[in-house]
Amino acid sequence: MSFDADWLTLREPADRAARDRGLMDEFTGHIGRISSPLIIDIGCGTGSTLRSLSDVMPPDARWLLADNDPLLLDEAERRSGGAAHISFQRLDLNDLGGLPLQEAAMVSASALFDLCSEAFSAAFAGKLADRSVGLYAALNYDGRIVWSLSHPLDDVVVAAFNRHQQTDKGFGVALGPAAAGRLASLFSGRGFRVSTADSSWRLSGENAALQRAFIEGFRQPLQEIGGLTSGDIEDWIAFRLAVMEEPGSLCTVGHADLLALPS
Ligand SMILES: C[S@@+](CC[C@H](N)C(=O)[O-])C[C@H]1O[C@@H](n2cnc3c(N)ncnc32)[C@H](O)[C@@H]1O
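Conventions adopted
- Residues numbered from 1 in each chain as written.
- Predicted model: local features only at pLDDT ≥ 70, side-chain atom pairs only at ≥ 80, totals over all residues.
- Heavy atoms only, no water.
- Phe/Tyr/Trp six-rings, centres within 6.5 Å; stacked < 30°, edge-to-face > 60°.
- Helix = DSSP H or I, 4+ residues; strand = E, 2+ residues; numbered from the N terminus.
- Buried < 20%, exposed > 50% of the residue type's maximum accessible area, 1.4 Å probe, protein only.
- Pairing = 2+ DSSP bridges.
- Near = heavy atom within 4 Å.
- Polar contact = N/O pair within 3.5 Å; in protein donor to acceptor, adjacent residues only side chain to side chain.
- Areas by Shrake-Rupley, 256 points an atom, 1.4 Å probe, with all protein chains shown as cover.
- Nonpolar A, V, L, I, M, F, W, Y, C, P; charged D, E, K, R; others polar.

The protein is annotated in an unreviewed UniProt entry as SAM-dependent methyltransferase from Martelella radicis.

Here it is as structure tokens:
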């Protein structure tokens, strides 16, 4: 599955606003106790996690940004401005052996684990446990989408969308909305100290461009998963686009952040 750099750029400010500050502080506090810590950001896209954390990271932190999409990785490198403490690796995460975990202080990720399968997440937790490397995984979609201005099809649409979230996104059957809960169990089962926190988007008319792309982004999954007619899908999308900038219109998209620290 490929991701559009424009979509990742649109969501970055909402992601940044939604990240749980307490977990970020705990993450950077942990990193701050390690000399020249290396953070491997997996599924880095254009480098959103790096940019979101750059103001709060210890000055000697180093980053390795890893993704299997060469275009996104090139864009991440371009936006990094050639900073010496940031390196890049093209890597398919299905080959977990390719991650240089022996050098890592922590792994980070954002908007990634809902795409991943149970088997991948279990294998990944095992690899990190073997090396006592922690995980900061932000912005895992949790299946909740609520609009202040309702439409009769909202529940059916969200249920269909969530079914699609659990189809194969390149790792086998995706965890989708179950991702944060499963990660929490997998990591606590391996002795990590696990914390989770809400990082939901709260989108108003001020986020019109993101909301438009988000709503338009329902069309293909709804068509693929079935259960709604094309007419219903188009009516629902038209309604959502028409009301998204009305006064008091609010869209909440549920996400959870997770921090797993080795004990
Ligand atoms: C939803 S995007 C999130 C990107 C970025 N973390 C952000 O928050 O903007 C998911 C990212 O995972 C990457 N990805 C998906 N499958 C992958 C795989 N098998 N190996 C490595 N990266 C993968 C995609 O290329 C994409 O950059």
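Evaluated as defined, the whole model comprises 15 aromatic pairs. Geometrically, the ring pair formed by Phe 120 and Phe 124 is stacked, given 5.8 Å between the ring centres and 15 degrees between the ring planes. With Phe 120 and Phe 124 both in helix α5 (residues 118-131) and four residues apart, the pair spans about one turn of that helix. As far as burial versus exposure is concerned, Phe 120 and Phe 124 are alike and both buried. Each ring, one from Phe 218 and one from Trp 236, has its centre 5.1 Å from the other, and the planes form 50 degrees; the classification is tilted. Here the residue Phe 218 occupies a position in the loop between α8 (208-216) and α9 (219-225), and Trp 236 occupies one in helix α10 (residues 230-243), the gap between them amounting to 18 residues. Take Phe 218 and Trp 236: they sit in the same class, and that class is buried. Taken together through their ring pairs, the aromatic side chains of Trp 7, Tyr 141, Trp 147, Phe 161, Trp 201, Phe 214, Phe 218 and Trp 236 make up a single cluster.

What follows deals with the pairing of strand β1 (residues 38-42). Summarising burial for β1: five of the five residues are buried, a large majority. The side-chain alternation of β1 yields two buried faces, one formed by Leu 38, Ile 40 and Ile 42 and the other by Ile 39 and Asp 41. Strand direction decides the pairing type here: β1 and strand β2 (residues 62-67), joined by five bridges, are parallel. The residue of β2 that forms the bridge with Ile 39 is Trp 63.

Once that is clear, we can look at the site of the ligand. Within the structure, the ligand sits among 19 residues, and Gly 43, Asp 67, Asp 92, Leu 93 and Ser 110 are positioned closest to it. For the ligand, an oxygen atom lies 3.3 Å from a polar atom in the backbone of Gly 45. A distance of 2.6 Å separates an oxygen atom of the ligand from a polar atom in the side chain of Ser 110. Across the complex, the protein chains shield 97% of the 590 Å² of accessible surface that the ligand would expose by itself. When its residues are assigned to classes, the shell around the ligand shows 10 nonpolar, six polar and three charged.

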